Amino acid sequence: MMWTLGGLISLLMGLVYCELATITPQSGGDFTYIYKGVGPIPAFLTVWTGPLLTGSAASAVLAMVFADYLMAFMFGPCASTQSLRKTIAALLLITIGISNVISARLGVYVQVISSVIKLLALGVIIAGGLVFLAQGRTENLKDGFEGSATDVTSYALALYSCMFAYGGYNRIGYIAEEIIDAKKNVPRAIVISVSLVTCVYIATNVSYFVLIPKVELLQSSAVAYDWALKGIPFIATLIPICVMCSVYGANNGGSFSIARVMFAAARRDLYPEVFSYLTVSDSLPVFGTIVYHTVGLLMLIPGDIGRLVNFLNFMAFTVMWFSCIALLRLKYMLRHEQVDPSRFRTHISIPILSLLCSSFLIVAPFVTNPQIEFVYSAAFVLAGLLLYVPFIHFGLKIPGIDKLTLFMQLLLQICPTEKVE
């Protein structure tokens, strides 16, 4: 039920981003939408919390999932150390960073291959679950709702994990203006893709519960591998490999896109100028990529996936809240203008419902049993104001920043680009 609710919220949010992209057809995602619809201060908070913190935390989470499955593949049920886990995760982040610095095309190939492998693995798990259900393996499903939580925070945290897995529904909005007949094909793509992903997630989780009791599932760090060991042992070694390829691809996609968000922010003077510099040879945002992966490595220090997911999703929903406000304000500002018939538009209820969902997911964790990661998240968001006032509003510079910028230009072979007003 929570996975279904997460899919519905993702669908609403996806439609919001589709319309935002057709109104503001520029790179930068949430930052560009919020800058135009709300203003520079919320836009700065978006790029302060988004690429540097939310994106890096997501990258750290995926890297540790990769490490968990690699260790399950290598050591089986034998215990492994946290230091080894973090070392593997760090090597993964460094490898992805190097590949994105070397070539953008390499990242595209990795994305395509990992997506195919991921769907094949999920197909095997879903098909296996259906076969076991047909054989009458329902003992783990009979008490499925026993012991369900009764407090609001637990359901909000469940949605946090679900929405982390659904992340990506806003990507089509980045290219909505380049799609033929966007008014029809953009919402069609969102509805079909999110519905398909929702069905895949629900079917996969049902398949897990068919073979794995709840207690074992919650204790497992590599659920797909444990499922394969119980259900189809002769392919069990292939499952962690498929999961690792999937996680590698997802992490690679984040590295590819988030460095470009920082690039877009720097062109509007909301990030240090050096983030807007591109390599002379391939026009790649190398400096942003390096910073992104460096912060991701720092995020590995806590080593707690659950806390990192809560931390990054709190800030992600804060950004979504601002994006919903941006769409509502842009709709109001453009209400008297003649609407391009080819532009995709949502009903006013869509951004309002999305705004209410985002508000709930921001406030609910503080209602009962608030956890320290949410306090850190709120503090990081507000800390952005301490940076905005002196360095953006008043234009102050850190002493020596020009020399550092020149050094990075020479070291990375990067050069300035045009500013965007």
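None of these values were measured; they are calculated from a predicted model.

Asks: Can you tell me about the packing of helix 6 (residues 152–166) against helix 13 (residues 349–363), naming the residues and giving the values?
Replies: Between helix 6 and helix 13, whose axes approach to 9 Å, the crossing angle comes to 115°. When you trace helix 6 past helix 13, the crossing you get is left-handed. Between helix 6 and helix 13, the contacting residues are Val152, Ala156, Leu159 and Tyr160 on the first element and Phe360, Leu361 and Ile362 on the second.

Asks: Could you give an account of the pattern of salt bridges, with specific residues and numbers?
Replies: The final tally for this structure, using the stated rule, is five salt bridges. Notably, a salt bridge pairs Lys331 with Glu19, separated by 3.1 Å at the nearest N-O pair. Taken together, the residues Lys331 in helix 12 (residues 305–333) and Glu19 in helix 1 (residues 2–23) connect sequence positions 312 residues apart. The exposure classification of Lys331 matches that of Glu19, with both residues buried. Lys397 serves as the salt-bridge partner of Asp402, at 3.3 Å between the closest nitrogen and oxygen. Taking the relative accessible area as the measure of exposure, Asp402 reaches 51% and is therefore exposed.

Asks: Please set out helix 1 residue by residue, giving values where relevant.
Replies: Helix length check: helix 1 (22 residues) gives 32 Å between terminal C-alpha atoms against 32 Å at 1.5 Å per residue, within 8%. Within helix 1, 17 of the 22 residues are buried, which leaves the element mostly enclosed by the surrounding structure.

Asks: Provide a residue-level description of the packing of aromatic side chains, including the pertinent values.
Replies: Considering all chains together, one arrives at 10 aromatic pairs under this definition. With a centroid separation of 6.3 Å and 65° between ring planes, the pair formed by Phe132 and Trp227 is classed as edge-to-face. Highlighted residues: Phe132 in helix 5 (residues 104–134) and Trp227 in helix 9 (residues 223–231), separated in sequence by 95 residues. Measuring from ring centre to ring centre gives 5.4 Å for Trp321 and Phe322, while their planes differ by 80°; the resulting arrangement is edge-to-face. One aromatic cluster is present, formed by Trp3, Tyr166 and Tyr201 through successive ring pairs. Arg137 extends its terminal NZ or CZ atom over the ring of Phe132, reaching a point 5.7 Å from the ring centre. Just above the ring of Tyr332 sits the side chain of Arg335; from NZ or CZ to the centre is 3.8 Å.

The rules behind the values
- Residues numbered from 1 in each chain as written.
- Predicted model: local features only at pLDDT ≥ 70, side-chain atom pairs only at ≥ 80, totals over all residues.
- Heavy atoms only, no water.
- Axes fitted to C-alpha atoms, helices over the stretch in contact; angles between N-to-C directions.
- Helix = DSSP H or I, 4+ residues; strand = E, 2+ residues; numbered from the N terminus.
- Left-handed = near helix turned anticlockwise from the far one by under 90°.
- Contact = heavy atoms within 4.5 Å.
- Salt bridge = Lys/Arg side-chain N within 4 Å of Asp/Glu carboxyl O.
- Buried < 20%, exposed > 50% of the residue type's maximum accessible area, 1.4 Å probe, protein only.
- Expected span 1.5 Å × (residues − 1).
- Phe/Tyr/Trp six-rings, centres within 6.5 Å; stacked < 30°, edge-to-face > 60°.
- Lys NZ or Arg CZ within 6 Å of the ring centre and 35° of its normal.

All we've got here are geometric facts, nothing functional implied.
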